[in-house]
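Spelled out, the chains give:
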Amino acid sequence: MNTVRHNWTKEEIKAIYERPLMSLVLEAANVHAQNHVFGEVQISSLLSIKTGGCSEDCAYCPQAARYNTGVNVQALMKTSEVVEAAKNAKAGGASRFCMGAAWREVRDNRDFDRVLEMVKAVNTLEMEVCCTLGMLTDYQAEKLAEAGLYAYNHNVDTSEEHYSEVITTRTYDDRLQTLSNVRKAGISVCSGGIIGLGEKEADRVGMLLTLANLPEHPESVPINTLVPVAGTPLGENSKVPFDELVRMIATARIVMPKSAVRLSAGRLALSVAEQAMCFMAGANSIFAGDKLLTTPNPEFNSDMQMFQVLGLTPKAAFTDPNPRAQKKAMENEPA
Ligand code: SAM
Ligand code: DTB
Ligand code: SF4
């Protein structure tokens, strides 16, 4: 139950996903209790440092330039504004600060230099700094690591089979290459996906299979529920039944026992009781703050009330082993 495996089969994951819900949640809760501090939830705060105008065609995304979604394009923010936002997030109890940019990929230009400056500045606030900037080369990943980046978010989004129904402007392999570049640089990997894209159950299983069979599990696995945005091709998609979200979280918890499972986009559509079941099923991380990147998220105070009602406690920063320090230690070990 505690073994970290990388040789899962589709059949095994499907069998877990399809178990009767109560027994699935019970097992996931047991795995969770044995591998994590039960009731401790890591809080991340998100900031869109460069918004909209993106060249990609991700069918769910309000920031893609080709869809008419009413999102205002905003150039890269100033470092001082970002630091101000990070300080506010820290004061609100966030241990991780995640900066998102509507880029296809990072380019080696002045904007990237500014992001490196932001990473350095937020790092001095004793917060875990995270970025999600699109595709990265190994050189860029190394530069981010040197600047003090703790984690990098890059989602596989869905199964390999369903991927081309959702995105055509870059491939599944591109995504995996970025994850490998991030891993090589010793940065903590945050990678998950979205449910509600019109995928089948087999695609949900397939997405978890990809993540669980990576050479190392992502330290953090965001499970987003589609926030349908008018103007995007998926803007009219129907709501994901809540028991399917619970199944997804519980299955992720069981197949990646040591990872943080993040109950990500879509919380505004969930009651406290529904979220409680997600925490019971192994979710132990959230994005807090009234905005995700461009769409609304629960108010900070209502989340704090929820924490109180459910007896959840925020996790402190830097309490997990740092992959970069581990990598350095291994490199320095005599052969
Ligand atoms: N542009 C970068 C990229 O695509 O990697 C970083 C930002 S992008 C917005 C980060 C992730 O947000 C996407 O991979 C997707 O999983 C999630 N996301 C975007 N729009 C969403 C939506 N409407 N509902 C749920 N998740 C969404
Ligand atoms: C992730 O998996 N979810 C977050 C974060 N990583 C960057 C983003 C959710 C975005 C939801 C749509 C929006 O607000 O624009
Ligand atoms: Fe661009 Fe990222 Fe949105 Fe895709 S998900 S359109 S790459 S901002």
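Just so it is clear, the model here is predicted, and its values are computed rather than measured. Residue numbers restart at each chain and count upward from 1, following the sequence in its written direction. For this description, chains carry letters from A and ligands carry numbers from 1, given in the order in which they are written. Per-residue local features of the predicted model are confined to residues with pLDDT of at least 70, and side-chain atom pairs are confined, for both listing and counting, to 80 or more; whole-chain, interface and lining totals are unaffected and use all residues. Note: side-chain values were computed over all heavy atoms of the structure, leaving out hydrogens and water.

We now examine the site of ligand 2. In the vicinity of ligand 2, the residues found are Leu46, Pro62, Thr132, Asn153, Asn155, Pro222, Asn224, Phe287, Leu292, Leu293, Thr294 and Thr295. Polar contacts, as used here, are pairs of N or O atoms within 3.5 Å; protein pairs need one atom able to donate a hydrogen and one able to accept it. Residues neighboring in sequence count only if both atoms are side-chain atoms. Within the side chain of Asn153, one N or O atom sits 3.1 Å away from a nitrogen atom of ligand 2. Residue Asn155 places a side-chain N or O atom 2.9 Å away from an oxygen atom belonging to ligand 2. Methods summary: accessible areas were calculated by the Shrake-Rupley approach with a probe of 1.4 Å, and residue burial reflects only the protein chains presented. Protein contact buries 89% of the 410 Å² of open area that ligand 2 shows by itself. Whether a residue is near a molecule or strand is decided by its heavy atoms; if any one of them lies within 4 Å of it, the residue is near.

Let us look at the pairing of strand S3 (residues 128-132). The two faces of the sheet receive side chains in turn, since in a regular strand these alternate between them. Most of S3 sits out of view: 5 of its 5 residues are buried. Relative accessible area decides the class of each residue, using a 1.4 Å probe on protein chains only: under 20% of the type maximum gives buried, over 50% gives exposed, and in between gives partly exposed. Think of it this way: any DSSP run of H or I at least four residues long counts as a helix, any run of E at least two long counts as a strand, and we number them from the N terminus. Both faces of S3 are covered, namely the face carrying Glu128, Cys130 and Thr132 and the face carrying Val129 and Cys131. Pairing between two strands is assigned when DSSP locates at least 2 bridges connecting them. Strand direction decides the pairing type here: strand S2 (residues 96-101) and S3, joined by 5 bridges, are parallel. Pairing of Phe97 across the sheet is with Val129, part of S3. Here the term right-handed applies to a crossover when the path leading from its first strand over the helix to its second strand runs clockwise, the strands being oriented away from the viewer. In this view, the connection linking S2 to its parallel neighbour S3 by way of helix H4 (residues 110-123) has right-handed handedness. Judged from the 2 bridges that link them, S3 and strand S4 (residues 151-153) form a sheet pairing that is parallel. Counted as the bridge partner of Cys130 is Ala151 from S4. Between the parallel elements S3 and S4, the chain passes through helix H5 (residues 138-147) in a crossover that is right-handed.

All residues in the neighbourhood of ligand 3 are listed as Cys54, Glu56, Cys58, Tyr60, Cys61, Ala64, Ala102, Trp103 and Arg170. Judged by its atoms lying within 2 Å of the grid points, ligand 3 is housed in the largest cavity. Under this grouping Gly is polar, as are all residues other than the nonpolar Ala, Val, Leu, Ile, Met, Phe, Trp, Tyr, Cys and Pro and the charged Asp, Glu, Lys and Arg. Taken together, the residues that form the shell around ligand 3 break down as 7 nonpolar, no polar and 2 charged. A cavity here means a set of points on a 1 Å grid, drawn over the protein atoms and nothing else, where a 1.4 Å probe fits but cannot get out; a pocket is an open set with protein on both sides within 12 Å along at least five of seven lines, and a residue lines either one if it has an atom within 4 Å of a point. Whether a molecule lies in a cavity or pocket depends on its atoms, and more than half of them have to be within 2 Å of the grid points.

Take helix H9 (residues 242-255) next. To estimate how far a helix should extend, the number of its residues minus one is multiplied by 1.5 Å. Between the first and last C-alpha of H9 there are 20 Å, a value that for 14 residues agrees with the 20 Å anticipated at 1.5 Å per step. Within H9, 11 of the 14 residues are buried, which leaves the element mostly enclosed by the surrounding structure. Here H9 has its buried residues at Leu245, Val246, Arg247, Met248, Ile249, Ala250, Thr251, Ala252, Arg253, Ile254 and Val255.

All right, on to the layout of surface pockets then. Within this model, the largest pocket holds a volume of roughly 830 Å³. Considering the residues around the largest pocket, the lining is formed by 31 residues, among which His217, Glu219, Lys258, Pro321 and Pro323 are closest to the centre. Elements with a contribution of two residues or more to the lining of the largest pocket: strand S1 (40-50), helix H7 (172-184) and helix H12 (323-332). The greatest single-element share of the lining of the largest pocket, amounting to 4 residues, is contributed by H12. For the lining of the largest pocket, a count of residues per class yields 9 nonpolar, 11 polar and 11 charged. Grid points are joined across faces, edges and corners, and a volume is the space filled by probe spheres set on the points. Considering only enclosed or pocket space, the second largest pocket measures out at about 470 Å³ in volume. For the second largest pocket, the lining is made up of 26 residues, of which Leu46, Leu47, Asp290, Lys291 and Leu292 are closest to its centre. If you list the elements that add at least two residues to the lining of the second largest pocket, you get S1 and helix H3 (79-91). It is S1 that provides the largest number of residues to the lining of the second largest pocket, a total of 6 residues. Looking at the lining of the second largest pocket residue by residue, the class counts come to 13 nonpolar, 11 polar and 2 charged.

What follows concerns the packing of helix H1 (residues 10-17) against H9. All axes here are fitted lines through C-alpha atoms, helices being fitted over the stretch that makes contact, and every angle between N-to-C directions spans 0 to 180 degrees. Two elements in contact, H1 and H9, have axes whose closest approach is 9 Å; the angle formed by their N-to-C orientations is 130°. Taken together, H1 and H9 sit at an angle that is classed as oblique. In the packing of H1 onto H9, the handedness of the crossing is right-handed. For the pair H1 and H9, the contacting residues are Ile13, Ile16 and Tyr17 in the first and Glu244, Arg247, Met248, Thr251, Ile254 and Val255 in the second. Class assignment of the residues belonging to the contact of H1 with H9 gives a composition of 6 nonpolar, 1 polar and 2 charged. Reported orientations rely on four angle classes, namely roughly parallel under 35 degrees, roughly antiparallel over 145, roughly perpendicular from 65 to 115, and oblique for the rest. Left-handed describes a crossing whose near helix is turned anticlockwise from the far helix by less than a right angle; the clockwise case is right-handed. Contact between two residues is taken to exist if any of their heavy atoms lie within 4.5 Å; hydrogens are not considered.

Attention now goes to the packing of aromatic side chains. Only Phe, Tyr and Trp rings are paired, with Trp represented by its six-membered ring, and only when their centres lie within 6.5 Å; those with planes under 30 degrees apart are stacked, over 60 edge-to-face, the remainder tilted. All chains considered together, the criterion is met by 1 aromatic pair. When the ring of Tyr163 is compared with that of Tyr172, the centres are 5.3 Å apart and the planes differ by 70°; the resulting orientation is edge-to-face. In terms of burial, Tyr163 and Tyr172 fall into one category: buried. In our convention, an over-ring charge means Lys NZ or Arg CZ found within 6 Å of a ring centre and within 35 degrees of that ring's normal. Its end group placed over the ring of Trp8, Arg5 keeps NZ or CZ at 4.0 Å from the ring centre. Over the aromatic face of Phe287 sits the side chain of Arg262, whose NZ or CZ is 4.7 Å from the ring centroid.

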